[in-house]
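What the coordinates show
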Amino acid sequence: MREDPLDGELLSAADIRELATALGVRPTKQRGQNFVIDANTVRRIVRAADIGEDDVVVEIGPGLGSLTLALLRTAGHVTAVEIDDTLAAALPATVAARLPERADRFALVHQDALRVTELPGPTPTALVANLPYNVAVPVLLHMLALFPGIRRGLVMVQSEVADRLAAPPGSKVYGVPSVKAAWYADVRRAGAIGRTVFWPAPNVDSGLVALTRREPPPTTASRTEVFAVVDAAFAQRRKTLRSALAGWAGSPAAAEAACTAAGVSPGARGEALSVEDFARIAEHRPA
């Protein structure tokens, strides 16, 4: 394999451990931190995300900056959102030392990603991140809801979560994350990631999920109204919609009427429905 002349800009496993030691940083389970220590993996992620000079990338949980540096080599701008005080303070210096000529294309937001309401600089067009595994789904949905300019994404999550996000209706792992992600985007599995590329090595496998923004289903119901139906249907996923949606509709009979009006069998279960089905049911909630 031909050596990349720019590899010196990326962080090696030794660089990461040295930097962590200097900062007194130990990855914590509380924040779902598992740092990527393999340069080949971050290059692979950037390639799979199809990032170019026209892209404004938002990265969640950049950690020590492994993926950040790879993204900056390719993207027009990168905004990283980091909750950890020490990591947030150190990352701009790492970028300035490794990629000084592109440091002006980088912005750091020191905040909890779930509390972000705006980002500095140009509107983000892509989301690329090694998401903290303990909050991966809520963070992903929050960013897609808040920043409609994000047209595509590539995120690394726990393998089981990747399966759920990309699952089609009828799958055993199809559920709330599957439906809500489908509201915003076409979602697919984009590969697997081994445990040894992380420090510390997690006890779970990881997977890449690719997202391409699409228009939500045409519906008179709001996203909040549709998601309320989704939450109700899967809160008791073994029950039929007639039973599972009784609380949402006001009674089993009202739930049956709403399903029938939407062209959905009241005897079906939530796992059989597409996001479009849920949207139609939301339109027929009894007044």
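Remember, it's a predicted structure, so these values are computed and weren't measured experimentally. (Residues numbered from 1 in each chain as written. Predicted model: local features only at pLDDT ≥ 70, side-chain atom pairs only at ≥ 80, totals over all residues. Heavy atoms only, no water.)

Before going further, it helps to spend a moment on the UniProt feature "binding site: S-adenosyl-L-methionine" (unreviewed entry) in the protein. Per the UniProt record, "binding site: S-adenosyl-L-methionine" (unreviewed entry) is found at Asn34, Val36, Gly61, Glu82, Asp112 and Asn130. Contact partners of Val36, with chain neighbours within four places excluded, come to Ile16, Thr41, Val42, Ser66, Asn130, Met156, Val197 and Phe198. By the secondary structure assignment, Gly61 is in the loop between β2 (56-60) and α3 (66-72). Since its relative accessible area comes to 25%, Gly61 is described here as partly exposed. With sequence-adjacent residues up to four places away left out, Gly61 is seen in contact with Val81, Glu82 and Asn130. (UniProt positions renumbered as here; feature names shortened; annotations may be inferred. Contact = heavy atoms within 4.5 Å. Helix = DSSP H or I, 4+ residues; strand = E, 2+ residues; numbered from the N terminus. Buried < 20%, exposed > 50% of the residue type's maximum accessible area, 1.4 Å probe, protein only.)

Its place among the elements puts Asp84 in the loop between β3 (77-82) and α4 (85-98). Polar contacts involving the side chain of Asp84 include one to the main-chain amide nitrogen of Thr86, which spans 3.0 Å. At 3.0 Å, the side chain of Asp84 and the backbone nitrogen of Leu87 are in polar contact. (Polar contact = N/O pair within 3.5 Å; in protein donor to acceptor, adjacent residues only side chain to side chain.)

Turning our eyes to something else, we now look at the packing of helix α8 (residues 223-235) against helix α12 (residues 275-283). Contact geometry for α8 and α12: axes closest at 8 Å, N-to-C directions at 110°. In terms of orientation, α8 lies roughly perpendicular with respect to α12. Contacts between α8 and α12 pair Glu225, Val226, Val229, Val230, Ala233 and Phe234 from the former with Phe278, Ala279, Ile281 and Ala282 from the latter. Within the contact of α8 with α12, the residues separate by chemical class into 9 nonpolar, no polar and 1 charged. (Axes fitted to C-alpha atoms, helices over the stretch in contact; angles between N-to-C directions. Parallel < 35°, antiparallel > 145°, perpendicular 65-115°, else oblique. Nonpolar A, V, L, I, M, F, W, Y, C, P; charged D, E, K, R; others polar.)

For β3, the tally of buried residues reaches 6 of 6 residues, placing the bulk of the element in the interior. A two-sided burial pattern is seen for β3, the buried positions comprising His77, Thr79 and Val81 on one face and Val78, Ala80 and Glu82 on the other. In the classification by handedness, the crossover that spans β2, the intervening α3 and the parallel β3 is right-handed. One ladder, built from 5 bridges, connects β3 with strand β4 (residues 106-110); its direction is parallel. Among the inter-strand pairings, Thr79 is bridged to a residue of β4, identified as Ala107. In this region the chain leaves β3, passes through α4 and returns to the parallel neighbour β4; the handedness of that crossover is right-handed. (Right-handed = clockwise from strand over helix to strand, strands pointing away. Pairing = 2+ DSSP bridges.)

The axes of two packed helices give the description: the angle between them and the distance between them. One can describe the packing of helix α7 (residues 176-184) onto α8 by two numbers: an axis separation of 10 Å at closest approach and a directional angle of 160°. In terms of axis orientation, α7 runs roughly antiparallel to α8. When the axes of α7 and α8 are compared, the crossing they make is right-handed. From α7, Val176, Val179, Lys180, Trp183 and Tyr184 reach across to α8, where they touch Arg223, Val226, Phe227, Val230, Asp231 and Phe234. Along the lines of polarity and charge, the residues of the contact of α7 with α8 split into 8 nonpolar, no polar and 3 charged. (Left-handed = near helix turned anticlockwise from the far one by under 90°.)

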